[in-house]
Amino acid sequence: MEKQQLNLQTRLRNDDKKALEEVYLHYKDAFVSYGLRFNLDREDLIDVYQDSVIAMHQNFTQKQTQLDGSSLKTYLFSIGKHKIYDRLKEQKQLVGAVVIEDDYEEIELEEKVLSEEQMQLRKFFGHLGESCQHVLKLFYYRGLSIKEIVAQTQYKDENTVKSHKSRCLKKLITLIKKD
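These numbers come from a predicted model, not from an experiment.

A word on the state of the cysteines. Counted according to the given criterion, the structure contains 1 disulfide. Covalently, Cys132 is tied to Cys168 through a disulfide, its sulfur atoms 2.1 Å apart. Across the S-S bond linking Cys132 and Cys168, the dihedral sits near -75°, which makes this disulfide left-handed. Of the two residues, Cys132 is situated in helix H6 (residues 130-141) and Cys168 in helix H8 (residues 158-178); the sequence distance between them amounts to 36 residues. The class for Cys132 is buried, based on a relative accessible area of 10%. Residue Cys168 is classed as buried on the basis of its relative accessible area, which comes to 1%.

Attention now goes to the packing of aromatic side chains. One pass over the full model with this rule turns up 9 aromatic pairs. Aromatic pair Phe31 and Tyr49: ring centres 5.2 Å apart, planes at 35°, arrangement tilted. Note that Phe31 is positioned in helix H2 (residues 17-35) and Tyr49 in helix H3 (residues 42-62), a separation of 18 residues in sequence. Looking at Phe31, the relative accessible area reads 0%, which means it is buried.

A few words now on the packing of helix H1 (residues 3-13) against H2. Between H1 and H2, the shortest axis-to-axis distance is 8 Å and the interhelical angle comes to 125°. Taken together, the axis directions place H1 and H2 in an arrangement best described as oblique. Contacts between H1 and H2 involve Gln5, Leu8, Arg11 and Leu12 on the former and, on the latter, Lys18, Ala19, Leu20, Glu22, Val23 and Tyr27. Along the lines of polarity and charge, the residues of the contact of H1 with H2 split into 6 nonpolar, 1 polar and 3 charged.

Below, the discussion takes up the pattern of salt bridges. For the structure shown, the criterion picks out 6 salt bridges. Arg11 is the partner of Glu22 in a salt bridge, and the nearest nitrogen-oxygen pair spans 2.9 Å. Within this pair, whereas Glu22 is found in helix H2, its partner Arg11 is found in helix H1, the two being separated by 11 residues in sequence. Judged by its relative accessible area of 39%, Glu22 is partly exposed. Taking the shortest distance from any N to any O, the salt bridge between Asp51 and Arg87 comes out at 3.9 Å.

What follows deals with the nonpolar core. Ranked by size, the top nonpolar core spans 29 residues in total, and within it Leu12, Val23, Met56, Leu72, Leu76 and Ile84 carry the most contacts. Mapped onto this core, the elements with two or more residues apiece are H1, H2, H3 and helix H4 (72-90). Not counting residues up to four positions away in its chain, the partners in contact with Leu76 are Val23, Tyr27, Tyr49, Ser52, Val53 and Met56. Judged by nonpolar contacts, the second largest core, of 8 residues, contains Leu144, Ile146, Val150 and Tyr155.

Looking at the secondary structure, you find Tyr34 in helix H2. A C-alpha to C-alpha distance of 8.8 Å links Tyr34 and Phe77, two positions 43 residues apart in sequence.

With that settled, consider the side chain of Gln133. When you line up the elements, Gln133 lands in helix H6. A distance of 3.5 Å separates a polar atom in the side chain of Gln133 from the backbone oxygen of Gly126.

Parameters and conventions
Residues numbered from 1 in each chain as written. Predicted model: local features only at pLDDT ≥ 70, side-chain atom pairs only at ≥ 80, totals over all residues. Heavy atoms only, no water. Disulfide = S-S within 2.5 Å. Helix = DSSP H or I, 4+ residues; strand = E, 2+ residues; numbered from the N terminus. Buried < 20%, exposed > 50% of the residue type's maximum accessible area, 1.4 Å probe, protein only. Phe/Tyr/Trp six-rings, centres within 6.5 Å; stacked < 30°, edge-to-face > 60°. Axes fitted to C-alpha atoms, helices over the stretch in contact; angles between N-to-C directions. Parallel < 35°, antiparallel > 145°, perpendicular 65-115°, else oblique. Contact = heavy atoms within 4.5 Å. Nonpolar A, V, L, I, M, F, W, Y, C, P; charged D, E, K, R; others polar. Salt bridge = Lys/Arg side-chain N within 4 Å of Asp/Glu carboxyl O. Core = buried A, V, L, I, M, F, W, Y, C linked by side-chain atoms within 4.5 Å. Polar contact = N/O pair within 3.5 Å; in protein donor to acceptor, adjacent residues only side chain to side chain.

Okay, structure coming up:
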């Protein structure tokens, strides 16, 4: 895969808004042209495209998606194709399975089997308050520094974030140990 694509993926995983804008603008017209085959009007296709870009963005930032065997365009169009099918179902235009031949391969992302520790973490993470979940996600999942968390949230300073993160982590550990 070319270096520019890998760099763009890394920027998307790091929640770079400029990278998201690049992707959005670069593929919009091609997606709308592609989607016209499905007999949706342009406005619906733009809505579907926006939903697809949002879904792709969430996959990169939250699930840390990494595309090894396909391009960003293929991945985005695959998401969009499923969203087009959903839109057609909503409009009751899609009856049964409709297969339209296209140039975009279908991508199957591997389902990862969680370890016992990961399942416990998932289970008890949901027991934490919303602010704890938010801070821990920003720090551990998104990899933001304490300084970046202060900049993106309402916390007054780095010490507040550090102590809140520490309390949340201790609470999570306590919940897991009780089980």
